[in-house]
Every structure is written in C-alpha cells, then in structure tokens.
Amino acid sequence: MHVHLKKSVAHATPIVVLDRASFQALAPKMPKATRNWLATVGFVGAPDTYALLPGDDGKLKKVFAGVHSAQHPFALSALPQALPVGKYHLSDEGLSVPTEQAALSWELGSYLFDLYKPRKREAATLVLPPGLNTERGLALATAINATRDLVNTPAEHMGPEELAQAAELVAKHHGGKFKQIVGDALLKHNFPAIHAVGRAASRAPRLIELTWGKPGHPLLSLVGKGVCFDSGGLDIKGADGMRQMKKDMGGAANALGLATMIMTLKLPVRLQVLIPAVENAISGNAYRPGDVIKSRKGLHIEIGNTDAEGRVVLADALAYAAEHKPELIIDLATLTGAARVALGAQLPALFTRFMDTGRELVDLGLKQDDPLWHMPLWAPYQEGIASSIGDIVNTGRNALAGAINAALFLEHFVPQQQDWLHIDLFAWNDQARPGRPVGGEAQTLRTLLVYLEERFAN
Ligand code: BES
Ligand code: ZN
Ligand code: ZN
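Parameters and conventions
- Residues numbered from 1 in each chain as written.
- Chains lettered and ligands numbered in written order.
- Predicted model: local features only at pLDDT ≥ 70, side-chain atom pairs only at ≥ 80, totals over all residues.
- Heavy atoms only, no water.
- Helix = DSSP H or I, 4+ residues; strand = E, 2+ residues; numbered from the N terminus.
- Contact = heavy atoms within 4.5 Å.
- Areas by Shrake-Rupley, 256 points an atom, 1.4 Å probe, with all protein chains shown as cover.
- Lys, Arg positive; Asp, Glu negative; His and termini not counted.
- Charge placed at Lys NZ, Arg CZ, Asp CG, Glu CD.
- Donors = N, O, S within 2.8 Å, 3.2 Å for Na, K, Ca; no water.
- Buried < 20%, exposed > 50% of the residue type's maximum accessible area, 1.4 Å probe, protein only.
- Tetrahedral: all angles 85-135°; square planar, octahedral: opposite > 155°, others 65-115°.
- Near = heavy atom within 4 Å.
- Polar contact = N/O pair within 3.5 Å; in protein donor to acceptor, adjacent residues only side chain to side chain.
- Nonpolar A, V, L, I, M, F, W, Y, C, P; charged D, E, K, R; others polar.
- Pairing = 2+ DSSP bridges.
- Patch = residues over 30% accessible without salt bridge, like charges linked within 9 Å, V, L, I, M, F, W, Y side chains within 5 Å.
- Salt bridge = Lys/Arg side-chain N within 4 Å of Asp/Glu carboxyl O.
- Core = buried A, V, L, I, M, F, W, Y, C linked by side-chain atoms within 4.5 Å.
- Domains from an automatic or database assignment.
- Buried area = accessible area lost by both parts, 1.4 Å probe.

Draft legend 1. Seen up close, the overall build of the protein chain. A tally of helices and strands in the protein chain yields 14 helices and 20 strands. The C-alpha extent of the protein chain, read off along each of the three principal axes, is 80 × 50 × 40 Å. Contacts spanning at least 24 positions in sequence make up 76% of the contacts within the protein chain whose residues lie at least 6 apart. For the protein chain, the accessible area works out to roughly 19,300 Å², and carbon and sulfur atoms hold 54% of it. Separation of charge centres in the protein chain, based on 46 positive and 45 negative side chains, amounts to 5 Å.

Okay, here's the thing in structure tokens:
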C-alpha cells in the first residue's frame, strides 16, 4: 500500500494541487521566486504535470501538481511513480482533492505488474487522514489492482486451477464460501457445455463458486467468463488474434474484483459469484465445429465455431445462476471482437432488457469516469442464430452484429422475468494513461458498485 493512514503529516512534503484556472488565480499570490521557477519549468497546472520546488537547503520543499479536476478518479495517478521516493501530503493551498479520490488515484498510479520484473524504484507514499472515505478509496483501488494482476498473469501461471485458488483466497479473506466442480464431475452435476469447451485441455475445466453474505439479504449473482487461454480451439486463431488471449478470463477477474468491493464495503446483499473456468485448447478430444452440445438448460447448442466458446460456457453458468432466482444477474465477459470493433478498448458494451436501466448505467458510468455504452438486445436478429439441427448456433448467420448475436445467445439461458445485465468488455488498456498502464484492466466496476449501492443499500 502506498497510501498511509495517519493524522500527522510531519516529515511529509506538501503537494499543491491545481488546475489551469486555479493556477492562474494563485500565481499572483506566490512569492516571486516561486512564480519565476514555475514559469521557467513551464508549469501551468496542465493535467498530469508536476513541478518540484526546492528549498534554500536544496531539499525538496513542495510539489505543484496539475489535474484535470480534483474529483477525477485518476487525479493524482501521474505522481506516485514520478515523484522522488518519500512521503507526501496534500497541501491546504490549491484545490482540495476528496480523500476517496486521493487514495484511489494514488494507489492506481502506484500499480505495476511486477510478478517477474522487479520495480526499478518504489512508488512514493501519500499520507492521508484515516476515515471512511479514505478507506473506500483504498478498497476500490485494492480490488482494481487485484483484477489487473489476475488478467496480467500469463496463462501458464493462471490456468483454471490457479483462477480457482485466487477465488478461494478472496472468499477466505472475506469470510465467504468457496466450492468448485472439476473435470468429469461437471458431467455428473449437469454442466455439459462447460465440460465440452474445456475437455481438450490438459488442465481440467471447472465451475468455480463463491458465496457470501447474510441469509435475509437479496441475492446478487455475478458471472464471469473464465477462459484462461483462448486458442480458438479447432477453429484456431491467427497469431495476432491469439497474442493477448491470456486475458480471456478478464470477465472472471472483473467479477472477483466487484465481489471484493462488495464484500470489503459490506453491501447488504448475498453474493453468488460463478466462474466457468476453462482453457479453450486443441487435442484429439476437442469439441468440433458442427457438434451439437446439450446444455444444462436442455437447449441444444450447435457449434458454428469453436472460437465462440465464451457464450457456450456462460450458457451453463447463467442457467445455474438463474435457478437460484437472484434479484439480479450481472455477467462480465471478454466475449466478442465485434464489441471492440464497435466501441474500442475503453467502452464496454452493456446489454439489458430494460431501456431505462441502460440509460441509467450509461449516465452513471460517465459520472464515475468509468464508462460503458448501451447496445440493443435486438430480438429480430434471433433468427440469425437459429439452428436447423439444434436449438441455437453459437455464431451468427453472417459477420454482422457479432456482439448482439452473442448477447442474444446468452439471453436464451436467462429466464424472461429475470433481471440481468450483460457486459462485453476488453479488460485491457492498449494505450497507457496515468494510472492505467498498458495491460489488464478493471472496467465498469466502480460504476456497477455505485449502481448496486443505490439499488440495494437502502
Ligand atoms: N475471446 C474472444 C473475443 C475477444 C477477442 C475479445 C479479442 C476481446 C478481444 C472470443 O472467444 C472470440 O473469439 N469470439 C469470436 C466469435 C466469433 C468466432 C463468432 C470473435 O469475436 O471473433
Ligand atoms: Zn474465442
Ligand atoms: Zn474467448
């Protein structure tokens, strides 16, 4: 942790946070030497810039930091790995950054995936006053950084078993329960679709289940796509398409991240987290294009393409989730390339049967700087995934509307009266921004948390 909770800020260097406007207002009141120095180094309060101010003794006296806005979740993220190692605190001069955003942005800015390559330097430390808001910021950041670690860990070290261990650790840490159904036991317990997709891998497929919460509280179900590596199966991917497929368990990582937030902040819900964890691999017993698989729900799935494996494993997990009749099911999945073509890396696609929920979540996402965008469950396209020899095909009739086809496929496994959100996400930064290095990413979790708090907290 690079945020320290302390009342005393002795021996910590003050950081003056400014945007362009507040810089202009403050500059005339600064000592001439300071004003000249900031002009010399070109500091004007631009977002994600900073200037070090030395004292007469040549030691660091003060830091000026520019922000887009003091409330931004990444307000201070450019600082922890740029400022000299040491302790800092937020000055009373300049803008006041709410302690939640301060803690959150500092911890996110301290993040580095250092499992194999040690840090070149420690991140700087921010001293913040203890309190509920600071703790909330830290709770969010901890969950987000843990999500990133899960996605960043290569498939060799994050197979179905390791993903299960990670879920078990999360469960134990918060007093939840952990269970898994592994390998051929999936057939016995009627999860044939999960088994079919995962059976060719040397690492056994499984359904991971984490439960938590008090009996009287409403049930919330989180379902995460846990494809630990997606080779495409017999419909093998090309080199470029396969390169990042360690991240195909990004939905599972995000589901665990959201569960961690919920449990840390003790939301009054009962949680059921379900992760179908498989490796989509190739060997003699791999499932094939043209196969028809009977799913848990009884629907026969025709395999149009073994690379559309996510929706097949989610079919069984969603059917199982719905059997418990939760208040709400949220599934998170790196489901389609088509969602990325439509919306790019930064905007997960949201599917819901309710237009007003879609609008509400889009607005909330913009407000939280953790966006997602509403796309339609366009019923007329159901015809495009109809099967002539089974009930549904896991691919569309043509290459159009790929993300919608996948969502419509999932819809078959969610009863009509069941409240359900489907989020097709990228789980990856393809471009570095302050606090968001290239690599695994948590997406929509802060937005979903606030949505759940508004919906269930009172
Ligand atoms: N995991 C991929 C989707 C994906 C690819 C997500 C790249 C993010 C980045 C998924 O299993 C897949 O391969 N989907 C296919 C489906 C197609 C065969 C119908 C796709 O989207 O191309
Ligand atoms: Zn695939
Ligand atoms: Zn996949």
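Draft legend 2. Molecular detail of the coordination of the zinc ion (ligand 2). Only D230 (OD), D307 (O), D307 (OD) and E309 (OE) from the protein reach the zinc ion (ligand 2) as donors, at distances of 2.0 to 2.2 Å. Sequence spacing of the donors to the zinc ion (ligand 2): D-x76-D-x1-E. Separating the zinc ion (ligand 2) from the zinc ion (ligand 3) is a gap of 3.2 Å, bridged by D230, which donates to each. Among the residues examined, E309 registers a relative accessible area of 0% and is labelled buried.

Draft legend 3. Expanded view of the coordination of the zinc ion (ligand 3). The protein atoms that coordinate the zinc ion (ligand 3) are K225 (NZ), D230 (OD), D248 (OD) and E309 (OE), at distances spanning 2.0 to 2.4 Å. Considering all six donor atoms around the zinc ion (ligand 3), angles at the metal cover 77 to 174 degrees and the coordination shape is octahedral. When the donor residues of the zinc ion (ligand 3) are listed from N- to C-terminus, their spacing reads K-x4-D-x17-D-x60-E. Of the residues examined, D248 reaches a relative accessible area of 2% and is grouped as buried.

Draft legend 4. Inspection of the site of ligand 1 at higher detail. The local shell around ligand 1 holds 17 residues, among which K237, D248, D307, E309 and G337 are the closest. In this structure, an oxygen atom belonging to ligand 1 sits 2.7 Å away from a main-chain N or O atom of G337. Here ligand 1 has 520 Å² of accessible area as a free molecule, and 78% of this is covered by the chains. Of the residues contributing to the shell around ligand 1, the split by class is four nonpolar, five polar and eight charged.

Draft legend 5. Spotlight on the pairing of strand 2 (residues 13-18). The buried count for strand 2 comes to six of six residues, which makes it a mostly enclosed element. Side chains of strand 2 alternate between two faces, with T13, I15 and V17 and P14, V16 and L18 buried alike. By the bridge criterion, four bridges tie strand 2 to strand 5 (residues 87-94) in an arrangement that is parallel. Its bridge partner being in strand 5, P14 is matched across the sheet by H89. Pairing geometry for strand 2 and strand 4 (residues 60-66), over four bridges, is parallel. Residue V16 lies in a different strand from strand 4, and its bridge partner there is F64.

Draft legend 6. Inspection of the sheet that holds strand 13 (residues 300-302) at higher detail. If you walk across this open sheet you meet the three strands as 12-13-17, and the pairing is mixed. Only two strands of the sheet have a single partner each, and these edge strands are strand 12 (292-294) and strand 17 (392-393). The pairing of strand 12 with strand 13 spans three bridges and is classified as antiparallel. By the bridge assignment for strand 13, V292 is matched with E302.

Draft legend 7. The arrangement of a nonpolar patch on the surface in detail. Residues Y50, L52 and L60 make up a contiguous nonpolar surface patch of roughly 210 Å² in combined accessible area. One can find L60 in strand 4. Owing to a relative accessible area of 31%, L60 belongs among the partly exposed residues under this scheme.

Draft legend 8. Expanded view of the nonpolar core. Judged by nonpolar contacts, the single largest core of 60 residues is most densely connected at L163, L222, I262, I330 and L452. Per element, the largest residue contribution to this core is nine residues, and it comes from helix 9 (residues 250-264). For this core, the domains that each give at least three residues are domain 1 (3-130) and domain 2 (140-456). Not counting residues up to four positions away in its chain, the partners in contact with L163 are M158, I208, G226, C228, M249, A252, L256, I275 and A277. With 45 residues, the next largest nonpolar core counts V197, L274, Y320 and F409 among its residues.

Draft legend 9. Structural view of the pattern of salt bridges. Evaluation of the coordinates by the stated rule reveals 18 salt bridges. Between K62 and E93 there is a salt bridge, with its nearest N and O atoms 2.6 Å apart. On the criterion of sequence distance, the pair formed by K62 in strand 4 and E93 in strand 5 is long-range, its members being 31 residues apart. Taking the relative accessible area as the measure of exposure, K62 reaches 18% and is therefore buried. Overall, the relative accessible area of 30% leaves E93 in the partly exposed class. Residue E279 pairs with R203 through a salt bridge whose shortest N-O separation is 3.0 Å.

Draft legend 10. Highlighting the domain arrangement of the protein chain. For the protein chain, the domain assignment lists domain 1 (3-130) and domain 2 (140-456). Relative placement of domain 1 and domain 2: their C-alpha centres are 38 Å apart. Listed by partner, the interface residues are 15 residues for domain 1 and 17 residues for domain 2. Buried area between domain 1 and domain 2, summed over both chains or domains, comes out near 1,400 Å², and the portion from carbon and sulfur atoms is 67%. Broken down residue by residue, the surface that domain 1 buries against domain 2 is led by F74, L108 and Y111, which jointly contribute 42%. Between domain 1 and domain 2 we count zero salt bridges in total. The interface formed by domain 1 and domain 2 holds four residue pairs in polar contact (both at pLDDT 80 or more) in total.

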